[in-house]
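Observations on the three-dimensional arrangement
One-letter residues, chain by chain:
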Amino acid sequence: MPPAAPSPIMRRRRLGIELRSLREAAGLTGDQVIERIGWASASKLSRLENGRSRPDPQDVGVLLDLYGADAALREELLGITGGAGDMRGWLKNFPVMTQQQRSWAELEAGCAEISEYNPVLVPGLLQTAGYAQVRILSARQVSEGAGEPDLAEEPETEVQARLARQLLLTREPHAPSYTAVLEEAALGRRAGPPEVLHEQLVQLCELAQLPNVTLHLLPRDTQIGDWYLPPTAFSLYRFADPLDPETLAIEGGFKDVMSTESITLNRYKVVFEWLCTAALDASDTLSWLIEATGRPTGATPPSTVAFGPATAPTQRRRDSGRLTDR
């Protein structure tokens, strides 16, 4: 894996933020811009500013002329434009990739720091091939039960694409700092066959010893903050380029949501801090994992609740954005 490089999706978002800022500094509305440059669709500018479309260098150049961008900024943004459209070159970094995994790989590329929590699963970047296959096949059973058409990608191809994403944890010399909070339930008997779970535990032991990986196990009976219950899986991404916006990904059962809004990001940063405080530290987590690999396959690990609850101050919780269950 080559050194970290910003992904096309982050280049598009960065470009969109810059273009919107320039438009607002010029005192122009979106409708005024469309009228002056003669674009047929108002949605074209909106897609550019929201990072939802592949930018055309000529279109970006026209906007920069209208906004009066200086030569240095023009050169920088046109360079970003080139990176935002180079999907083919970027995908050469991956031996196998599928559409389903591409959006996650795009988000992870160029990261300096990744923080993840999942209430029921081992995060994708940590999964073995066997664990990933169980998860992918189980999701397909739901789709089939709902009468949806067959998915284009074969399960094995989807597994290999997920494993391709994991290369960023060991890439040299720019592997991101990775922290995950693992729920004890994700490693219980409901998660998969005994041999699959044992293999997953062994891999987690190995990953926990990487210098850039920190794992925290959250025992199933441990109190989080002032009886806080995280409602969903989420991931936080900070990028090597400080001008690329930090991003939150909220993983749902059937649909994922991404946000760069600072208020929302800060709420989830507080939650992740609570999770890390409540969970076992990295050393105790590694000890737990090593012990778990030595148990008979299929045995249920005892819940480690002797470490006590972590209680968040009431004032801090109120100031974090009124996190509530819905």
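Keep in mind the model is a prediction, meaning the values are calculated, not measured.

Counting all residues, the mean pLDDT for the protein chain is 81, and 78% of those residues have values of 70 or more. Below pLDDT 50 for its whole length, residues 300-326 participates in 47 contacts with residues either more than four positions away or in separate chains.

A complete count under the given rule lists four aromatic pairs for this structure. An angle of 75° between the planes, with centres 5.5 Å apart, marks the rings of Y228 and W274 as edge-to-face. You can see Y228 sitting in the loop between β3 (213-218) and β4 (233-239) and its partner W274 sitting in helix α11 (residues 262-278), a full 46 residues away along the chain. Both residues of the pair, Y228 and W274, belong to the buried class. Look at F234 and F272: their rings are 6.3 Å apart centre to centre, the planes differ by 80°, and that puts the pair in the edge-to-face class. Placement of the pair is F234 in strand β4 and F272 in helix α11, with a sequence separation of 38 residues. Judged by relative accessible area, which is 7%, F272 ranks as buried.

Let us now look at the pairing of strand β1 (residues 111-118). Remark: a regular strand shows side chains that alternate across the two faces of the sheet. Taken across its eight residues, β1 has six buried, putting it largely inside the fold. Where β1 lies against β4, six bridges are found, and the strand directions are antiparallel. When the bridges of β4 are listed, C111 appears paired with F239.

Further remarks concern the nonpolar core. Ranked by internal contacts, the top residues of the largest apolar core, which has 36 residues, are L126, Y178 and L215. When residues of this core are traced back to their parent elements, those giving at least two are α1 (8-25), α7 (99-108), β1, β2 (177-183), α10 (194-207), β3, β4 and α12 (282-293). Ranked by the residues each element gives to this core, the list is headed by α10, at six residues. Once residues lying within four places of it in the same chain are set aside, the contact partners of L126 are Q166, L169, Y178, A180, L182, Q200, Q203, L204, L207 and L215.

Within the fold, R162 resides in helix α9 (residues 155-165). Comment: no salt bridge for buried R162; closest opposite-charge side chain is E158, at 5.4 Å. At 2.6 Å, the side chain of R162 forms a polar contact with the side chain of Q127. Not counting residues up to four positions away in its chain, the partners in contact with R162 are Q101, G124, Q127, A132, R135 and I136.

Here the focus is unusual backbone geometry. Of note in the backbone geometry, W227 takes a positive phi value of approximately 60° without being a glycine. Within the secondary structure, W227 is located in the loop between β3 and β4. Judged by relative accessible area, W227 falls into the exposed class, the value being 65%.

What follows covers the side chain of S235. Among the structural elements, S235 can be located in strand β4. Of the polar contacts made by the side chain of S235, one reaches the side chain of E116; its length is 2.7 Å. Once you skip the residues sitting within four places of it in the chain, S235 turns out to touch S115, E116, T247, L248 and A249.

Among the structural elements, V181 can be located in strand β2. Spatially, the C-alpha atom of V181 lies 9.1 Å from that of P123, the residues being 58 residues apart in sequence.

Basis of the calculations
Residue positions are given per chain, counted from 1 along the sequence in the order it is written. Reporting of local features is limited, given that this is a predicted model, to residues whose pLDDT is at least 70; pairs of side-chain atoms are given and counted only at 80 or more, and all residues count toward the totals for whole chains, interfaces and linings. Water and hydrogen atoms were dropped before computing side-chain values, which therefore reflect all heavy atoms in the structure. Note: pLDDT gives the predictor's confidence per residue, expressed from 0 to 100. Residues count as neighbours in contact if any of their non-hydrogen atoms are within 4.5 Å of one another. The pairing test for Phe, Tyr and Trp rings, Trp by its six-membered ring, is centres within 6.5 Å, and the orientation test on the planes gives stacked under 30 degrees, edge-to-face over 60, and tilted for anything in between. By definition, any uninterrupted DSSP run of H or I lasting at least four residues is a helix, any uninterrupted run of E lasting at least two residues is a strand, and each is numbered from the N terminus. Relative accessibility under 20% of the residue-type maximum defines a buried residue, over 50% an exposed one, and the middle range a partly exposed one, all with a 1.4 Å probe and only protein chains included. Any two strands with at least two DSSP bridges between them are considered paired. Among buried residues, the Ala, Val, Leu, Ile, Met, Phe, Trp, Tyr and Cys ones that are joined through side-chain atoms within 4.5 Å form a nonpolar core. Charge counting treats Lys and Arg as positive and Asp and Glu as negative, with His and both chain ends excluded. For salt bridges, the criterion is a side-chain nitrogen of Lys or Arg within 4 Å of an Asp or Glu carboxyl oxygen. A 3.5 Å cut-off defines polar contacts: any pair of N or O atoms within that distance qualifies, except that in protein one atom must be a possible hydrogen donor and the other a possible acceptor, and neighbouring residues in sequence count only when both atoms are side-chain atoms.

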